[in-house]
Amino acid sequence: MRTLINEITGLVGQEAELAGWIHARRDHGKLIFFDLRDRSGVAQCVITPEKSFYQEAGKIRPEWAVRVKGEVKRRPKGMENPDLPTGNFEVEIKALTVLNPSEPLPLPIDGDGYEIDESVRLRYRYVDLRRPRLNKILQLRSKYARAVRDALYDNCFTEVETPMLTKATKEGARDFIVPSRMQPGKFYALPQSPQQYKQLLMIAGVERYFQFARCIRDEDLRADRGFEHTQVDIEMSFVEQQDVMAMVEKVVRQAVTQVGGKIKQNPFPVVAYAEAMKKYKADKFDLRTEEEKKEGVLAFAWVINFPFFKKVDRADVAEIRDGKSGWTFTHNPFSQPMPEYLTDHLAGKNIGDILTTQYDLVCNGYEVGGGSIRAHDPEVLRATLRIMGYTEEQIEASVGHMLEAFSYGAPPHGGIALGLDRHVMLLAGEESLREVIAFPMTSGGQTAVMDAPCPVDPQQLEELHLKIVEKTVKGKK
Ligand code: ASP
């Protein structure tokens, strides 16, 4: 087995076998120096002229993949590099194997890379990711995901997967639809979230569920957001609002601390929506001081007491579809209203005043999670959709399966979804979600490295019973 580069610090005087990429090379007089990089770090290697492979070594260039054998030595006095963890050491190479040469890279990877054109970074993402900054972020993301999982397992949660090919869900965005080959003219939808399945799991007796869920929403793309994101999706039975909030807080605190993150205030402050709007003019806000911003502190807070409904935004196709009466939900149609508004809710009165059990988790100015206590009484969900203008038939067609499921002893339940990408972005001190996703989309919705969306074979279309029709605008093609 090879030695990892950061392990050489404990191996002075011994032989080590390393493998990685040529990070940089320098010729000093007769000596050839190069920095070798692997996932753990970078170390200086040196080749002296009497070596049989000295000539061949002269040809190696940055980013070639190589395997080397050599002796770990202390660097001569005055030659140390205090910026590198391995900076007091070097490896004198005794054998060198070129595993694969590399063309000159299409983009430099020795800096942070923020200044490089994004389309180039994403087209060659596998090269861009070699950048130590991004490599560290991938490792942080993995560690944080593990810490969250561990915290959930510590609290007796069960991890369950739910289908990717499903029926349209209501999360307030457009669905991605998938044509059925077997049933011409019928379509699946990709899940905007596992919301309904996780509620069905509560009826199934799971009691404490979680999933690292991919959620797919055909939303207008904002600067740093693609069509998919990852949620830590959580649901619990026999709970009230403060139970879910306390559990989520415990899990987040444990996981953030585990990866070395600093939290400003425990327990997290709780702010009412109306108060937040008055004080911060927004339902997400940044509680950090300038000093804390520099120190990378995370300032979590809860926002509660949101209105259940809002007037439909006429520019939003999904809202027009969901809010047939001119009212639509602010967060989640499956939520339970606050107890004091239940009577009005059931009667469809004073709609604009009804508050919901929704709780949002905010951090450093971003929404990083959101959830609610759910309606488990079919009449409450029915009333929600009635307020949104659904007829009895439309209610049945849309959520009839949920109403039916609620009739079999559905326990009171509630949950949350945490935005994993945003959590990692804030932990890493990054400003764009794309910096913490291995293969993000471009801002135009084009996939990284692979060219999608792209046309498909006419034969494939035929098999799916699809025909592409050019849209005609006012008589023009
Ligand atoms: N399903 C909700 C969402 O994706 C989160 C939740 O209420 O659990 O935003």
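This text follows the structure it describes.
Residues numbered from 1 in each chain as written. Predicted model: local features only at pLDDT ≥ 70, side-chain atom pairs only at ≥ 80, totals over all residues. Heavy atoms only, no water.

A. View of the nonpolar core. By size, the foremost hydrophobic cluster in this structure holds 44 residues, and its most contacted members are I234, V252 and F300. With nine residues, the single largest contributor to this core is helix α4 (residues 132-154). Discounting residues that sit within four places of it in the chain, F300 has contacts with V252, V256, I263, F268, P269, L361, V362, C363, V368 and H423. Core analysis: the second largest hydrophobic core is formed by 24 residues, L11, C45, A57 and I93 among them. (Core = buried A, V, L, I, M, F, W, Y, C linked by side-chain atoms within 4.5 Å. Buried < 20%, exposed > 50% of the residue type's maximum accessible area, 1.4 Å probe, protein only. Helix = DSSP H or I, 4+ residues; strand = E, 2+ residues; numbered from the N terminus. Contact = heavy atoms within 4.5 Å.)

B. Highlighting the packing of α4 against helix α6 (residues 241-258). Orientation of α4 relative to α6, taken along the N-to-C sense of each, is 140°, at an axis distance of 8 Å. Classified by the interaxial angle, the pair formed by α4 and α6 is oblique. Seen from above, α4 lies across α6 with right-handed handedness. Packed against α4, whose contacting residues are Y144, A147, V148, A151, L152 and D154, the element α6 presents V251, V252, Q254, A255, V256 and Q258 at the interface. Among the residues forming the contact of α4 with α6, the class breakdown is nine nonpolar, two polar and one charged. (Axes fitted to C-alpha atoms, helices over the stretch in contact; angles between N-to-C directions. Parallel < 35°, antiparallel > 145°, perpendicular 65-115°, else oblique. Left-handed = near helix turned anticlockwise from the far one by under 90°. Nonpolar A, V, L, I, M, F, W, Y, C, P; charged D, E, K, R; others polar.)

C. Representation of the sheet that holds strand β15 (residues 359-363) in the model. With mixed pairing, eight strands are arranged side by side in an open sheet as β6-β9-β10-β17-β16-β15-β12-β11. Whereas interior strands pair on both sides, the edge strands pair on one side only; in this sheet they are β6 (158-159) and β11 (270-272). Packed on one face of the sheet, α4 meets β6, β9 (208-216) and β10 (228-237) and runs near 150° to β9. Against the sheet, helix α13 (residues 420-428) contacts β9, β10, β12 (300-304), β15, β16 (366-373) and β17 (413-419), and its axis sits at roughly 145° relative to β16. (Pairing = 2+ DSSP bridges.)

All quantities given are derived from atomic positions and should not be read as evidence of function.
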